[in-house]
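# Chains, contacts and geometry: an overview
One-letter residues, chain by chain:
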Amino acid sequence: MKNFVDCSFIVNFKDPISLFLIDCRFDLFDEFSGYNAYKDSHIPNAFFLDINKDLCGSPKLHGGARPLPDNDILQNKLSSFGIELNSTIIVYDEKLYSSPRAFIQLKHMGYKNVYILNGGFKAWKDNHLPITNEIPSLLPPKTSTLSPNTSMICDINYVRESIKNTNIVLVDCRDNSRYTGEIEPLYKKPGHIPSAINIPWHNNIDNNGFIKDLNIIDKNFSILKNKEVITYCGSCIEACINYALLDELSYNAKTYIGSMSDWISYDENDVESLF
């Protein structure tokens, strides 16, 4: 697979010095849980990046609850880990939830060799592999020129135009109850972006945090064949899971980083609800 690796990839990596692990555990409703879990135990030599503070920018009036961060600030932090643009980077979380957001952020910035640990930290522990609470030392940051991949993401203007285009499909990656508007625990307007279909992220991930058989996932995505796909969710966490899988299967996909939290920040934007 091109976007996902298993624990054996880390264990058998030939040059451990050039392999970098990033722990990005995260809870949608508890901002401190990820770092607290990292401090308690993590894969040896793994660094921690906070989804809210490092991998996403500060929310403003528009742009969504978790907009893109300042690339230069994030690059300096990655450089202090020893990471360069051609380094091999593996991102992981507890199972498989927030790490694809780190994946898409780093790939968007131009880091070439970024992978998601299939099954996450749980898989590592279940394989009785070593864990630690030691935090690796930092290095003086080095500067290098980023070459962002802008084709992976899109903004609200692109999404507005896509609604009119029958060759583009908007995919809401949240639970069906949030897509329909039956439940909305976080935002003021329930429902979804007009014309969007619903393919919940968890349809493609098993209970242990592993991606399902790619043939099953491809079948789940079959309605999207020969279309351009835009994934979104509430604040662009769950959308990145489906994006990584679509890219794995070579679909023509991109992610709306602002997602629903950006869409509803504009009063003139319609929202469809089935309730």
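In this text, all values refer to a predicted model and were calculated from it rather than measured experimentally. (Residues numbered from 1 in each chain as written. Predicted model: local features only at pLDDT ≥ 70, side-chain atom pairs only at ≥ 80, totals over all residues. Heavy atoms only, no water.)

## Comments concerning the pattern of salt bridges
If you walk through the whole model with that rule in mind, you get 13 salt bridges. The residue Arg 174 makes a salt bridge to Asp 172 at a minimum N-O spacing of 2.7 Å. Residue class for Asp 172 comes out buried when judged on its relative accessible area of 0%. When the shortest N-O distance is used, the salt bridge between Arg 178 and Glu 184 registers 2.9 Å. Residue classification places Glu 184 among the buried residues on the basis of a relative accessible area of 17%. Connected through salt bridges with shared partners, the residues Asp 23, Arg 25, Glu 94 and Lys 125 form a single ionic network. (Salt bridge = Lys/Arg side-chain N within 4 Å of Asp/Glu carboxyl O. Buried < 20%, exposed > 50% of the residue type's maximum accessible area, 1.4 Å probe, protein only.)

## Re the sheet that holds strand E10 (residues 252-256)
On the basis of which strands lie adjacent, the open sheet formed by five strands has the order E6-E10-E9-E7-E8 and parallel pairing. Across the chains shown, the open sheet's two edge strands, defined by having one partner strand only, are strand E6 (153-154) and strand E8 (197-198). Note that strand E7 (residues 168-172) and E8 share two bridges and pair parallel. The residue of E8 that forms the bridge with Asp 172 is Asn 198. Sitting on the sheet, helix H9 (residues 238-248) touches E7, strand E9 (228-232) and E10, and the angle it makes with E9 is about 150°. (Pairing = 2+ DSSP bridges. Helix = DSSP H or I, 4+ residues; strand = E, 2+ residues; numbered from the N terminus. Contact = heavy atoms within 4.5 Å. Axes fitted to C-alpha atoms, helices over the stretch in contact; angles between N-to-C directions.)

## Some details on unusual backbone geometry
In this model, His 128 sits at a positive phi of 55°, which is unusual for a non-glycine residue. Here His 128 is to be found in the loop between helix H5 (120-126) and E6. A residue is classified by how much of its surface remains accessible, and His 128, at 74% relative accessible area, is exposed. With a phi close to 65°, Asn 226 is a non-glycine residue in the positive phi region. Here Asn 226 shows up in the loop between helix H8 (214-220) and E9.

## Considering the domain arrangement of the protein chain
Each assigned domain of the protein chain is listed with its residue range as follows: domain 1 (4-127) and domain 2 (153-264). Measuring from the centre of the C-alpha atoms in domain 1 to the corresponding centre in domain 2 gives 21 Å. On the side of domain 2, 26 residues touch domain 1, which itself brings 26 residues to the contact. Taken together, the two surfaces of domain 1 and domain 2 that pack against each other cover about 2100 Å², and 71% of this comes from carbon and sulfur. Here domain 1 is connected to domain 2 by zero salt bridges. Across the contact surface, domain 1 and domain 2 share ten residue pairs in polar contact (both at pLDDT 80 or more). Mapped by element, the contributors of at least two residues to the side of domain 1 that touches domain 2 are helix H4 (99-109) and H5. (Domains from an automatic or database assignment. Buried area = accessible area lost by both parts, 1.4 Å probe. Polar contact = N/O pair within 3.5 Å; in protein donor to acceptor, adjacent residues only side chain to side chain.)

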